[in-house]
Amino acid sequence: MTRVFSGVQPSGALHLGNYLGAFRQWAADQWEFDCFYCVVDLHGLTVEFDPADLRRRTLETAVGFLAAGVEPEQCTLFVQSHVHEHAELAWLIECTASFGELSRMTQFKEKSHGRESVKAGLFTYPALMAADILLYDADRVPVGDDQRQHLELTRDVALRFNHRYGETFVVPEAAVPRQAARVMDLQHPGSKMSKSAESPQGTIDLLDTPEQIAQKVRRAVTDTDGEVRYDPEHKPGLSNLLELMAAVTGRSIDDVAAAYDRYGPLKADLAEALVEALGPVRERYETYSSDPAEITALLDQGAEKAAGVASKTLARAKDAMGLLPRG
Ligand code: TYM
């Protein structure tokens, strides 16, 4: 059966980009494939963080998976640091990837740009991400567009490892959604919507109230020419709204663009469609977050199952590389 792996960092509130870029695919994949979904807390250590926040957000992120429609009986949900094989395989991958290829990662360049002190872990981050995926023999990795380059690196490293040390890893493929693979910030449509955006008005959080959603969409930055047309280069704000409307309603972007001749009605309908799509997410979040002990138990079971798979892959990789097994 096709194996799926994906992860989200617990570094902030989950937002519409995570939902459309990743979670919606996760929820669809769970009915067809064998899915492993992970809160990648070790990745959260690569930038500045507060330990108490990290702990709280790790649990909140797991609740977010369930709220977004991932069913606990359908897939394996776990926390990365509960399965020590991730950190261990990451070292073997760091010794397979090259400094040059890690230096080319645009996410590293963006996140380190202009900073005086950059953690070594931010640089080696893609090796840990490759380890996450390769440990589970994942065929398919549902992610947003911003993770494509990391997936390419994972594939390159897996192929290189197999070539040098013998067939060990499954070479995975990225599954990037056709629409809304890169949801843009509503206030700065040249940048992607993200947890760390400067203006909270630009980001729709999964737990925003209907009023907050409506207000953010109403205030979304567009342009002054007034023509409804999909043109991401010249009309990034409006094009983002058209793409969101298409992604949320399941229509094509052309259909949506043809249905409006003014921005106001498009914004009003988009706000309504988003409220309708995110309403159930908020409700499920409330239900699941009322019982943290249940979530903890679920993550515990998930870690056990994940470790069962991960330990076998790690043993295979160590053996292939010539590390002497314990007697
Ligand atoms: P992270 O935590 O930044 O984001 C989680 C998922 O949400 C997607 N996403 C978006 N999609 C569309 N538009 C946006 N504006 C947007 N913002 C975020 C991301 O593409 C991602 O799918 N490195 C990863 C986490 C990770 C991982 C993995 C993912 C670690 N190990 C192994 C897959 C497999 C990251 O930082 O995602």
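Before any of the text, the structure's been laid out above.
Since this is a predicted model, take the numbers as computed values, not measurements. (Residues numbered from 1 in each chain as written. Predicted model: local features only at pLDDT ≥ 70, side-chain atom pairs only at ≥ 80, totals over all residues. Heavy atoms only, no water.)

To continue, consider the overall build of the protein. Helices and strands together make up the secondary structure of the protein, namely twelve helices and five strands. Its C-alpha atoms give the protein a radius of gyration of 20 Å, within 12% of the compact-globule value 20 Å for 327 residues. Projected onto the principal axes, the alpha-carbon positions of the protein cover approximately 70 × 45 × 40 Å. Within the protein, counting contacts between residues at least 6 apart in sequence, those at least 24 apart form 76% of the total. For the protein, the computed accessible surface area is about 15600 Å², with 50% contributed by carbon and sulfur atoms. The average position of the 34 basic charges and that of the 49 acidic charges among the side chains of the protein differ by 3 Å. (Helix = DSSP H or I, 4+ residues; strand = E, 2+ residues; numbered from the N terminus. Rg over C-alpha atoms; globule rule 2.2 N^0.38 Å. Contact = heavy atoms within 4.5 Å. Areas by Shrake-Rupley, 256 points an atom, 1.4 Å probe, with all protein chains shown as cover. Lys, Arg positive; Asp, Glu negative; His and termini not counted. Charge placed at Lys NZ, Arg CZ, Asp CG, Glu CD.)

This brings us to the environment of Gly144. One can find Gly144 in the loop between strand 4 (140–142) and helix 7 (148–165). Judged by its relative accessible area of 12%, Gly144 falls in the buried class. In this structure the C-alpha to C-alpha distance between Gly144 and Pro200, which are 56 residues apart in sequence, comes to 21 Å. With near-sequence residues (within four places) excluded, Gly144 lies in contact with Gly21, Val176 and Ala181. (Buried < 20%, exposed > 50% of the residue type's maximum accessible area, 1.4 Å probe, protein only.)

Below, the discussion takes up the pattern of salt bridges. Applying the stated criterion across every chain, the model contains 16 salt bridges. With a shortest N-O distance of 2.9 Å, Lys318 and Glu88 are connected by a salt bridge. Of this pair, Lys318 sits in helix 12 (residues 292–321) while Glu88 sits in helix 3 (residues 85–94), and the two are 230 residues apart along the sequence. A relative accessible area of 29% places Glu88 in the partly exposed class. Salt bridges sharing partners connect three or more residues here, namely Asp223, Asp225, Glu227, Arg229, Asp231 and Lys235. (Salt bridge = Lys/Arg side-chain N within 4 Å of Asp/Glu carboxyl O.)

Attention now moves to the packing of aromatic side chains. Applying the stated criterion across every chain, the model contains twelve aromatic pairs. When the centroid spacing of 5.3 Å and the interplanar angle of 10 degrees are considered together, the rings of Phe5 and Tyr136 count as stacked. Of this pair, Phe5 sits in strand 1 (residues 3–8) while Tyr136 is found in the loop between helix 6 (120–135) and strand 4, placing the two residues 131 residues apart along the sequence. Ring centres 5.6 Å apart and planes at 50 degrees place the aromatic pair Phe78 and Tyr136 in the tilted group. Here Phe78, found in strand 3 (residues 76–79), pairs with Tyr136, found in the loop between helix 6 and strand 4; they are 58 residues apart in sequence, far enough to count as distant. Tyr136 shares its class with Phe78; the two are buried. (Phe/Tyr/Trp six-rings, centres within 6.5 Å; stacked < 30°, edge-to-face > 60°.)

To continue, consider the site of the ligand. Residues in close proximity to the ligand total 28 residues, the closest being Gln9, Tyr125, Asp132, Asp146 and Val183. Within the contact set of the ligand, a nitrogen atom lies 3.0 Å away from a backbone nitrogen or oxygen of Gly17. Side-chain polar atom of Asn18 to an oxygen atom of the ligand: 3.0 Å apart, as the coordinates give it. Within the complex, 97% of the 700 Å² of free accessible area of the ligand lies under protein. (Near = heavy atom within 4 Å. Polar contact = N/O pair within 3.5 Å; in protein donor to acceptor, adjacent residues only side chain to side chain.)

Another point: unusual backbone geometry. The backbone of Asp137 shows a phi angle near 50 degrees, a positive value even though the residue is not glycine. By secondary structure assignment, the location of Asp137 is in the loop between helix 6 and strand 4. Positive phi, close to 60 degrees, is recorded for Ala180, a residue that is not glycine. Structurally, Ala180 can be placed in the loop between strand 5 (173–175) and helix 8 (210–218).

The periodicity of an α-helix, 3.6 residues per turn, causes residues three or four places apart in sequence to face the same way. Given a rise of 1.5 Å per residue, 14 residues ought to cover 20 Å, and the 19 Å separating the end C-alpha atoms of helix 1 (residues 16–29) matches this to within 8%. The largest bend in helix 1 amounts to roughly 40 degrees and is located at Ala22. Judged by how many residues are buried, helix 1 sits mostly within the fold: twelve of 14 residues are covered. Every buried residue belonging to helix 1 is among Leu16, Gly17, Asn18, Tyr19, Leu20, Gly21, Ala22, Phe23, Gln25, Trp26, Ala27 and Asp29, and all of these are buried. (Expected span 1.5 Å × (residues − 1). Bend = angle between axes of the 7 residues up to and from the residue.)

Moving on, we get to helix 8. What helix 8 keeps buried is the set Ile213, Lys216 and Val217. Along helix 8, the residues classed as buried sweep out an arc of 95 degrees about the axis, all on the same side. In helix 8, the exposed residues that point more than 90 degrees away from the buried face are Glu211 and Arg218. Next to the buried residues of helix 8 lie helix 11 (263–289). (Arc of directions from axis to C-beta.)

Here we take up the pairing of strand 3. Every second residue of strand 3 is oriented toward a common face, with Thr76 and Phe78 on one face and Leu77 and Val79 on the other, all of them buried. The sheet contact formed by strand 2 (residues 34–39) and strand 3 spans four bridges and is parallel. Opposite Val39, over in strand 3, you have Val79 as the bridge partner. (Pairing = 2+ DSSP bridges.)

It is worth stressing that arrangement in space is one thing and function is another; only the former is reported here.
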